[in-house]
Amino acid sequence: MLFNSTHFLIFFPIVAIGFFCLPHRWRTIWLLAASAYFYMAFVPAYVLILFGMILVDYFAGWQIGKSQGRRRGFWLWFSVFSTCLILFIFKYFDFINGNLAALAEFIHWNYPIGILGLLLPIGLSFHTFQSLGYVIDVYRGVRLPEKNFLVYALYVMFFPQLVAGPIERSTRLLPQLHLPVFFDSNRVSSGLRLMLWGFFKKIMIADNAALIVGTIYAQPENYGGLALALGTAFFALQIYADFSGYSDIAIGSARVLGYDLMLNFNHPYFSKTVAEFWRRWHISLMNWFRDYVYIPLGGSRVPTGRWLANVFVVFLLSGLWHGANWTFVIWGLLNAVYLVIGKFTASITKYLPALIKVVITFILINITWIFFRAETVSQALEILKTIGVSLVSGTFWLDLINLPVIAETWGLSKNTFIALAIATLILIAADWASEFKWSEKWWPKLSRPFRWAAYYTLIIFIILFGYFGAKAFIYFQF
Amino acid sequence: MRRFFLQSFLFLLPLLLVYLVIIFKLYSANEFVSGRQIIDRVAAGQNNLLIGRVYVAFGLDLELEIFKALQPRVTTLGNSRALQFRREFFQDEVSFYNLALSGNVFAYRDFLRSIPVGAEPELIIVALEQSFFNPHTDVEINQVFASEGTSQIDYLSVAVESFRGFIQGKFRSKVPADARVSKCYEPIGLDAVLNSNGFRSDGSHRYGAIISYPNHPDNEDFAFRNSLERVEKGINLFVQGDKIDETRIKELESFLAEAEQRGIHIVAFLPPYAPTVYQKMISLGEGYSYLPKLNQRLNELFKKTGHRYFNFSDLAKWGSGDQEFIDGVHGSEKAYLRIFIAMAERDPRLRALVDIRKLKKDLIQTESNLEVYGCHRS
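Residues numbered from 1 in each chain as written. Chains lettered and ligands numbered in written order. Predicted model: local features only at pLDDT ≥ 70, side-chain atom pairs only at ≥ 80, totals over all residues. Heavy atoms only, no water.

## Description of the sheet that holds strand E3 (residues 96-98) of chain B
Residue and element names in this part refer to chain B. Strand order across the open sheet formed by five strands is E3-E2-E4-E8-E9, with parallel pairing between neighbours. Each end of this open sheet is capped by a strand with a single partner; those strands are E3 and strand E9 (308-311). Taking each pair of neighbouring strands and ignoring which way they run, the sheet shows an average axis angle of 15°. Sitting on the sheet, helix H3 (residues 60-70) touches strand E2 (74-77) and E3, and the angle it makes with E3 is about 170°. (Pairing = 2+ DSSP bridges. Helix = DSSP H or I, 4+ residues; strand = E, 2+ residues; numbered from the N terminus. Axes fitted to C-alpha atoms, helices over the stretch in contact; angles between N-to-C directions. Contact = heavy atoms within 4.5 Å.)

## Side note on the interface of chain B and chain A
Tallying the contact residues gives 18 residues for chain B and 22 residues for chain A. Counting the surface lost from both chain B and chain A, the interface buries some 1700 Å², and carbon and sulfur atoms represent 76% of this. When the buried surface of chain B facing chain A is broken down by residue, Phe-4, Phe-11 and Leu-156 of chain B rank first, second and third, together holding 39% of it. If you look at where chain B meets chain A, you find zero salt bridges. Remark: the boundary between chain B and chain A carries five residue pairs in polar contact (both at pLDDT 80 or more). Those elements that place two or more of their residues in the side of chain B that touches chain A are helix H1 (2-28) and helix H5 (155-167) of chain B. (Buried area = accessible area lost by both parts, 1.4 Å probe. Salt bridge = Lys/Arg side-chain N within 4 Å of Asp/Glu carboxyl O. Polar contact = N/O pair within 3.5 Å; in protein donor to acceptor, adjacent residues only side chain to side chain.)

## Description of the nonpolar core
Counting residues in each nonpolar core, the largest one holds 154 residues, and the members touching the most others are Phe-8 and Trp-369 of chain A. A total of 17 residues in this core trace back to one element, the largest contributor, which is helix H9 (residues 225-256) of chain A. Residues in contact with Phe-8 of chain A, not counting those within four places in the same chain, are Met-1, Leu-2, Phe-3, Pro-13, Phe-38, Phe-159, Met-195 and Phe-199 of chain A. Core analysis: the next-biggest nonpolar cluster, separate from the first, contains 91 residues, Leu-49, Phe-224, Leu-252 and Ala-268 of chain B among them. (Core = buried A, V, L, I, M, F, W, Y, C linked by side-chain atoms within 4.5 Å. Buried < 20%, exposed > 50% of the residue type's maximum accessible area, 1.4 Å probe, protein only.)

## What to know about the pairing of strand E8 (residues 265-270) of chain B
Residue and element names in this part refer to chain B. Judged by how many residues are buried, E8 sits mostly within the fold: six of six residues are covered. The alternating pattern of E8 places His-265, Val-267 and Phe-269 on one face and Ile-266, Ala-268 and Leu-270 on the opposite face, and all of these are buried. Relative to E8, strand E4 (residues 123-127) runs parallel, the two sharing five bridges. Note that in E8 the partner of Ala-127 across the bridge is Phe-269. Note: E8 against E9, four bridges, orientation parallel. Counted as the bridge partner of Ala-268 is Tyr-309 from E9.

## Points about the confidence of the model for chain B
Overall, the prediction assigns chain B a mean pLDDT of 88, with 94% of residues at 70 or greater. Model confidence for the complex: the whole-complex pTM is 0.83, and ipTM, which rates the interface, is 0.80. (pLDDT = per-residue confidence, 0-100.)

## Regarding a nonpolar patch on the surface
Residue and element names in this part refer to chain A. Residues Phe-81, Leu-85, Phe-88, Ile-89, Ile-96, Leu-100, Leu-103, Phe-106, Ile-107, Trp-109, Leu-116 and Leu-118 make up a contiguous nonpolar surface patch of roughly 1200 Å² in combined accessible area. Relative to the helices and strands, Leu-103 resides in helix H4 (residues 70-106). Using a relative accessible area of 48% as the deciding quantity, one classes Leu-103 as partly exposed. (Patch = residues over 30% accessible without salt bridge, like charges linked within 9 Å, V, L, I, M, F, W, Y side chains within 5 Å. Areas by Shrake-Rupley, 256 points an atom, 1.4 Å probe, with all protein chains shown as cover.)

## Brief notes about the pairing of E4 of chain B
All names here are of chain B. Judged by how many residues are buried, E4 sits mostly within the fold: five of five residues are covered. The alternating pattern of E4 places Leu-123, Ile-125 and Ala-127 on one face and Ile-124 and Val-126 on the opposite face, and all of these are buried. Pairing of E2 with E4, which is carried by four bridges, proceeds in the parallel orientation. Bridge pairing links Val-74 to Leu-123 in E4.

## Focus on the environment of Ile-339 of chain B
Among the structural elements, Ile-339 of chain B can be located in helix H12 (residues 333-346). Dropping the residues within four chain positions of it, Ile-339 of chain B is found in contact with Phe-85, Pro-272, Phe-312 and Leu-315 of chain B.

What follows is the structure, given as structure tokens:
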């Protein structure tokens, strides 16, 4: 079920009202049933895979808690292996198989294994990491195994964050699921406001920007350097508004129900370095990699060569986590290169003005977005080449004169384009105010009519100019 | 909790009031009448419907159901440029239903196969959209016999689009009260009620607002400005080309053969452009050289069959003019009556189903440039 659908707009109030009307002892079952229904709106049969994973990891966690010595390690690896096997079969088998087949063809070897062509269960990468995190936490002794199976199942399946995160930690979410929740109008209002903001980002900004990006990236050979650069910048806007919008709706809906999910985006495009960007973008995923991969490998407290390897391993895995395609692998490795270069040049770049650093970081990240968005590596390289050549030759700047004509082919009406521009400015202003904590200080002091007028502005923007073609969130494909 | 719900209600009250007005207007305009009801009423012989819903499409799925229920002797295939053929063009005892909502020539055989044996129409009039035979066309060619619209109601979409329409003034009538056809039609849907636009019971289409104000500057294609701009840019039905797509010719050939096997007579034609628009296309020299090649190829193709083909691209040659056009690519009912008479005079099987003398008299006597038969025939 998509958040931006009639189905969810009916589903969520029913779930929320039912939740607060039911006694606490029934609420876990209620939310579990609602989460199962939410997940089954995609491919109903895949809920069985989810249940299977929950059973395996719950059982493994229980066994780790009961066991001593090497048996604990056995159950840990049992859980890791079985969980990753599911991920491998659905997500990576065809990619690896396809590459082996290409290699076999190259060396004239008859390769017999065909593709599976399985549809990826939605959110598989997210709840895989979430449940793996639980088992590892139990193994490390960070928390005891969860006794209540239904509560554990809800921890994995909790519908606000089930299909696209934030990837919650067992130490944060599981304790909350045990506590009784009381209706708090301030908390519910806060949650609804966050959801509204998320819908504004998704429907008004991300989905309209997606039309422009889709047009340009469908046939990049038809566009010059400036259009391709702008298309990439629009993609930077699209993916941020889409993913952070989803996270806002997820966090907001959980907040309405009385649960606190972790922050997933912290105004990443204000970052002054790539390292800082990765502390602000998809925070839950990068924290997971930090705590369960990077630090166990030694982190930065190792010799330089080993540290380099650690960084590359983390970003290689991050790239593969995003998708079984060489474009994602290169995207990940490019970020690793940036991080390494950034560390070695920190002593020089620290003297640059903050604004220059922000702009440079934004450009570097946009270069990686080209690989993230392109269909193939060769397409990404061709786009980079076109942009590069146009910059060198000067046509990049000459195209500015023809920009209104070029923009007419992007698939948005003039009014919607203007609305998108205004909405983007609103987003930047809101993020700016939040970055410096101004909004936390003065927003509550504003009068109710003024605040309501602001909310109505968002609602009117969404209704009048939002894109209602029910586009799935980008990160659903992961 | 009570205070929270009260505050939420007060917050949403302005929006709820607007939607209350919108829902009232839509409901009173019969916008939400179900497809099933429409099918049943047309099948039962109700000839006075004018279906002009704004937020629920009159999809091909609905039309196919009506076609199956009526099992007409004559039908029409093609895109919107075939929607002006009316039941009134035929003799009283000849049943007719206009099924033109898809110009996808690849799908016509699907249509034939969907008709049970024994339920075939005797004759099908087919409008062959010229641009579909241009390999460079920018029009999406779907392989399935379906219109882009569906008759299912998407309530979120209705909620959003109706609000936008309300703000943009689409809930105000574009035609004077005395020009609305509510006296002789039962309008279903907002467009039918306000603007007398819509699909009649026989599947043909009525352009209400343009019939009332043919030369209004607000008309989208006033003085064919939109069409002429598309010709200049070579977009949207006006992509230039110098070749024809043989795959699509082959597909048409297969359709004609299958129709012959089923005992169905085909009368096909290239639909007209407004003379000003056509002259603009020709003035571009080699730009639209695929058109005469298409005409020649179709002549050769149809000569080998028992079916008939006509080229009405330049309707000025048949006595029509710009004044008989709704826009640059859609002729009016009067223009299509002219086309129909020309085809009937030359095709014996079509001629057997009509009263040519009466049609010619109706054509001469009509005062309007766009409409011949105002109301439906009872």
